Amino acid sequence: MFSVLPLPNRILSSLKIAKGERKDKTKHSFRFRLCRTESHTTDIHRGNESAAYSKVQTRTGKPEFFSKFAGADGMFPHGTSPTQEVARKNKELPLIEGLEITALAAEGKALGKYNDMVVFVPLTVPGDVVDVRIRNRRRRFMEGTVVRYISRSPMRAEPFCAHFGVCGGCKWQNLPYSEQLRFKEEQVRDQLTRIGKVALPPLLPIIGSARTRHYRNKLEFTFAPRRWMTYEEVATGGAIDAGAALGFHIPGRFDKVLDIRECWLQPAPSNEIREEAKRFCVAHGYGFHDIREHRGLMRNLVVRTSSTGEVMVIVVFAEDDRPRIEALLGHLQQRFPEITSLMYMVNTKWNDSTGDIDARLWSGRDHIFEEMEGLRFKIGPKSFYQTNSEQAYELYKVARSFAELTGTDIVYDLYTGTGTIANFVARGCRQVIGIEYVPEAIEDAKHNAALNGIGNASFFAGDMKDVLNDAFIARHGRPDVVILDPPRAGVHEDVLETIRRAAPRRIVYVSCNPATQARDLALLAPDYRVTAVQPVDMFPHTHHVENVVRLDRIANR
């Protein structure tokens, strides 16, 4: 059994609501200046990794610390470096010896205490005893990185991915899944009580994911001309193949990409498609995009798979080089006939966002299908769909159960996306109305309703706080039940006020961020009481958790 660390006061304060301001400030990242020796940087840029390693080893005295977790430029995944110092004081960072890790904390970290001060340490689990190099110190807490493991916790699990600790994803592979679920459940309880300060019924036991590997239906990979090298490679000296990469961004480094050999998140043929795309591009001299220099043809590769076995592949190019585009897409089409939808985009911008870029169809359909309880859902290149298809079904069943529909209800599904929940509950109510910001998603929602023969669903596109107002409710009918499934930032204060005035008898709040959910529950507390709480794990081996809350209107309000 382990404890849950409460969120620091600075994070709690960031959740307080300034009128009209609904930014998601709960994601706390620890930023600090980096101080590296000029000679070390010069050695790296000149390709003299051995000289760089020698200088790092001289300054730190503990080269084993950096094995696996540092790149060729001496930088670590979260922006640290072996020669890093506290910027303002320019002093050597302290070393804490024999620190016992006692608890898990927010954002996938673990912690111990040193002289009554909390020390956050990534890649550790409760029961570890470690030497820690402090890399960031604040008034109430410190952050550090493991220099040496003195003893390892019996709670530890063996990570199954070769990229664990460098990639930045699946940070809890070193923790048994049962312990992951235990922490997520306690995290939900802690945040709802401490931030929301509302009375809660006993939490229902968290619903774990039946599949803990290969559970994602969408991944996006990035091309880069030079792969991220581990410090272990740098330390060997000599010539190093720092060739092109197709993989994931190093956390905190927009311009650094880890070349992925095998990812355990998405089922076949995801790995095979990624590897073949890279092999073909390297063999035929395709340039991989350098985000700093803004050159190189290949930018991104998106693979979507569905529970129906269909596959969508989207290749993003930096220029409209027709011969090379046609050659690559033609090869992928021939090599992987199972691809249902093969599309491409041309992104000439300096950033990787593609929300404003049309996807062009190369072969197959411009969509794939998901299925859930006999319903079919069209998924386009920009459609939002829960990335764990099997667990999404469990999540939506909870939401429908909490709604307790009578068959005569008017239901508002706010932040409806492609109308998945709206269509899922439509058969149990008189009318369902979905609202979503993205016009393309609303078009998909309408198509999904028609595809499934649902005639009692209406969908509207626009900013939620602008669309959902008293006039809209007067025109479409007062809701008996409101279902909320907002982004991580939570619900805008104006939207919550509109809901309170509409006075539905029940609200079902689905959240991917229990901290902002708790904040919103506090605003609804004068009129609604929480009657059920159900955590659902959508993302095994990460700290993320979904939570569903049922609120019932207080009598005589």
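All residue numbers refer to positions counted from 1 along the written sequence of the respective chain. Whole-chain, interface and lining totals are the exception, using all residues; otherwise, since this is a predicted model, local features are given only for residues with pLDDT of at least 70 and side-chain atom pairs are given and counted only at 80 or more. Note: side-chain values were computed over all heavy atoms of the structure, leaving out hydrogens and water.

S.K.: Can you walk me through the overall build of the protein chain in this structure?
M.R.: Broken down by element type, the protein chain carries 14 helices and 22 strands. For every residue, the accessible area obtained with a 1.4 Å probe (protein chains only) is divided by the maximum for its type, and the residue is called buried under 20%, exposed over 50%, and partly exposed between those limits. Residues classed as buried in the protein chain amount to 57% of the 557 residues present. Whether two residues are in contact is decided by their heavy atoms: any pair within 4.5 Å suffices. Residue pairs in contact within the protein chain that sit at least 24 positions apart in sequence constitute 67% of those at least 6 positions apart. Areas reported here follow the Shrake-Rupley algorithm with a probe of radius 1.4 Å; residue values treat only the protein chains shown as occluding. Of the roughly 23,600 Å² that the protein chain leaves accessible, carbon and sulfur atoms contribute 49%. In DSSP terms, a helix is any run of H or I states spanning at least four residues, a strand is any run of E spanning at least two, and both are numbered starting from the N terminus.

S.K.: Please clarify how the sheet that holds strand S13 (residues 360–364) should be interpreted in this entry.
M.R.: The pairing criterion is simple: DSSP has to find at least two bridges between the two strands. Across the sheet, which stays open at both edges, the seven strands sit in the order S9-S8-S7-S10-S11-S12-S13 with mixed pairing between neighbours. The open sheet is flanked by strand S9 (257–259) and S13, the only strands paired with a single partner. Taken pair by pair, the neighbouring strands of this sheet meet at an average axis angle of 30°, ignoring direction. Axis angles are defined between N-to-C directions and span 0 to 180 degrees, where every axis is a line fitted to C-alpha atoms and, for a helix, only to the segment in contact. On top of the sheet, helix H6 (residues 270–283) reaches strand S7 (218–224), strand S8 (245–249), S9, strand S10 (298–305) and strand S11 (311–317); it is set at about 160° to S10, its chief contact.

S.K.: Can you walk me through the packing of aromatic side chains in this structure?
M.R.: Two numbers describe a pair of aromatic rings. These are the distance of the centres and the angle of the planes. Geometry of aromatic contacts follows a simple scheme: Phe, Tyr and Trp rings, the Trp one being its six-membered ring, pair when their centres are within 6.5 Å, and the pair is stacked under 30 degrees between planes, edge-to-face over 60, tilted otherwise. Inspection of every chain in the model, using the stated rule, returns 12 aromatic pairs. Relative to Phe 424, the ring of Tyr 393 lies with its centre 6.1 Å away and its plane at 90°, an arrangement referred to as edge-to-face. Highlighted residues: Tyr 393 in helix H8 (residues 389–403) and Phe 424 in helix H9 (residues 420–425), separated in sequence by 31 residues. The interplanar angle of 90° and the centroid separation of 5.2 Å between the aromatic rings of Phe 460 and Phe 472 together place this pair among those described as edge-to-face. Highlighted residues: Phe 460 in strand S18 (residues 457–461) and Phe 472 in helix H12 (residues 470–476), separated in sequence by 12 residues. On the basis of relative accessibility, which here comes to 24%, the residue Phe 460 falls in the partly exposed class. Look at Phe 472 and you get buried, because its relative accessible area is 2%. In this arrangement the basic side chain of Arg 274 is found over the ring face of Phe 221, its NZ or CZ atom lying 5.3 Å from the centre. Two conditions define a charge sitting above a ring: the NZ of Lys or the CZ of Arg must be within 6 Å of the ring centre, and it must be within 35 degrees of the ring normal. Here Arg 550 stacks its cationic end above the ring of Phe 402, 5.7 Å away from the centre of that ring.

S.K.: It is not clear to me how the environment of Leu 329 should be interpreted in this structure. Could you clarify?
M.R.: The topology assignment puts Leu 329 in helix H7 (residues 322–335). In this structure, the C-alpha to C-alpha distance between Leu 329 and Met 343, residues 14 residues apart in sequence, is 8.4 Å. Ignoring anything within four residues of it in the chain, the contact list for Leu 329 reads Val 315, Leu 342, Met 343, Tyr 344 and Trp 362.

S.K.: I tried to follow the pattern of salt bridges on my own but got confused; where do I start?
M.R.: Pairing between side chains of opposite charge can happen when their charged atoms approach one another. Salt-bridge detection follows one rule: a side-chain nitrogen of Lys or Arg within 4 Å of a carboxyl oxygen of Asp or Glu. Enumeration over the complete set of coordinates arrives at 34 salt bridges. Here Asp 320 and Arg 322 are joined by a salt bridge, their closest N and O atoms 3.7 Å apart. Salt-bridge contacts for Asp 321 lead to Arg 324; the nearest nitrogen and oxygen are separated by 3.7 Å. Arg 324 sits in the partly exposed class, given a relative accessible area of 31%.

S.K.: How should the sheet that holds S18 be read in this particular structure?
M.R.: Strand pairing within a sheet occurs via backbone hydrogen bonds; the two strands may be parallel or antiparallel. Taken together, seven strands build an open sheet; the order of strands is S18-S17-S16-S19-S20-S22-S21 and the sheet is mixed. Every other strand in the sheet has two partners, leaving S18 and strand S21 (528–536) as the edge strands with one partner each. Across the sheet, the mean angle from the axis of one strand to that of its neighbour is 15°, orientation sign disregarded. Pairing geometry for strand S16 (residues 410–414) and strand S17 (residues 431–436), over five bridges, is parallel. Across the sheet, Val 411 pairs through a bridge with Val 432, a residue of S17. Where helix H14 (residues 514–524) meets the sheet, its contacts fall on strand S20 (506–511), S21 and strand S22 (546–553), and the angle it forms with S20 comes to roughly 160°.

S.K.: Help me understand the nonpolar core in this model?
M.R.: General note: in soluble globular proteins, nonpolar side chains tend to be found buried as a group. What is meant by a nonpolar core is a set of buried Ala, Val, Leu, Ile, Met, Phe, Trp, Tyr and Cys residues, joined one to another through side-chain atoms within 4.5 Å. Membership of the largest hydrophobic core comes to 82 residues, with the highest contact counts inside it found for Met 298, Leu 301, Val 315 and Leu 328. If near-sequence neighbours (up to four positions away) are discounted, Leu 328 is found in contact with Ala 277, Phe 280, Cys 281, Tyr 286, Met 298, Val 315 and Phe 317. Judged by nonpolar contacts, the second largest core, of 38 residues, contains Met 464, Val 482, Tyr 509 and Ala 518.

S.K.: Would you mind showing me how to read the packing of helix H13 (residues 493–502) against H14 here?
M.R.: The angle between the axes and the distance between the axes are what describe a pair of packed helices. One can describe the packing of H13 onto H14 by two numbers: an axis separation of 10 Å at closest approach and a directional angle of 40°. Relative to H14, the element H13 lies oblique. Between H13 and H14 the crossing geometry is right-handed. Here Glu 493, Leu 496 and Arg 500 of H13 come into contact with H14, specifically with Asp 520, Leu 523 and Leu 524. Under this grouping Gly is polar, as are all residues other than the nonpolar Ala, Val, Leu, Ile, Met, Phe, Trp, Tyr, Cys and Pro and the charged Asp, Glu, Lys and Arg. Across the contact of H13 with H14, the residue classes break down as three nonpolar, no polar and three charged. Any angle from 65 to 115 degrees is called roughly perpendicular, while one under 35 is roughly parallel, one over 145 is roughly antiparallel, and all others are oblique. Put simply, a crossing is left-handed when the front helix is turned counterclockwise from the back one by less than a right angle, and right-handed when it is turned clockwise.

S.K.: Hey, could you run me through the packing of H6 against H7 in this one?
M.R.: Here H6 crosses H7 at 140°, and the two axes come no closer than 11 Å. Here H6 is positioned oblique relative to H7, judged by the angle of their axes. H7 is crossed by H6, and the crossing has right-handed handedness. Facing H6, whose interface residues are Glu 276, Ala 277, Arg 279, Phe 280 and Cys 281, H7 presents Ala 327, Leu 328, His 331, Leu 332 and Arg 335. Here the contact of H6 with H7 is composed, by residue class, of six nonpolar, one polar and three charged.

S.K.: Looking at this structure, I do not really get the confidence of the model for the protein chain. What am I missing?
M.R.: Fine structural detail should not be taken from predicted coordinates in areas where pLDDT scores are low. Of the residues in the protein chain, 82% reach a pLDDT of 70 or more, and the chain-wide mean stands at 85. Residue-level confidence of the predictor is what pLDDT reports, using numbers from 0 through 100. Confidence drops under a pLDDT of 50 for residues 7–90, and excluding neighbours within four residues, the segment shows 185 contacts in the predicted structure.

S.K.: Help me out: how do you make sense of the side chain of Gln 180 in this one?
M.R.: Tracing the backbone through its elements, the reader meets Gln 180 in helix H4 (residues 177–196). Polar side-chain contacts of Gln 180 include one of 2.7 Å to the backbone nitrogen of His 541. The residues contacting Gln 180, other than those within four sequence positions of it, are Trp 172, Leu 175, Pro 540, His 541 and Thr 542. We define a polar contact as two N or O atoms separated by no more than 3.5 Å, with the added condition that, inside protein, one atom must be a possible hydrogen donor and the other a possible acceptor, whereas residues neighbouring each other in sequence contribute only through side-chain atom pairs.

S.K.: Help me understand the state of the cysteines in this model?
M.R.: The bond known as a disulfide is covalent and runs between the sulfur atoms of two cysteines. Defined by distance alone, a disulfide is two cysteine sulfur atoms within 2.5 Å. Taken as a whole and assessed by the stated rule, the structure comprises zero disulfides. This cysteine, Cys 161, is not joined by any disulfide, and Cys 167 carries the nearest cysteine sulfur, 6.5 Å off. The exposure class of Cys 161 is buried, given its relative accessible area of 14%.

S.K.: Is there a simple way to explain the pairing of strand S3 (residues 110–114) in this structure?
M.R.: Within a regular strand, the side chains alternate between the two sheet faces. The sheet contact formed by strand S2 (residues 95–104) and S3 spans three bridges and is antiparallel. Residue pairing across strands places Leu 104 opposite Ala 110, the latter belonging to S3. Turn length for the S2-S3 hairpin, with the two strands adjacent in sequence and antiparallel, is five residues, and the turn residue Glu 107 shows positive phi of about 65°. For S3 and strand S4 (residues 117–121), the ladder comprises five bridges, and the chain directions are antiparallel.

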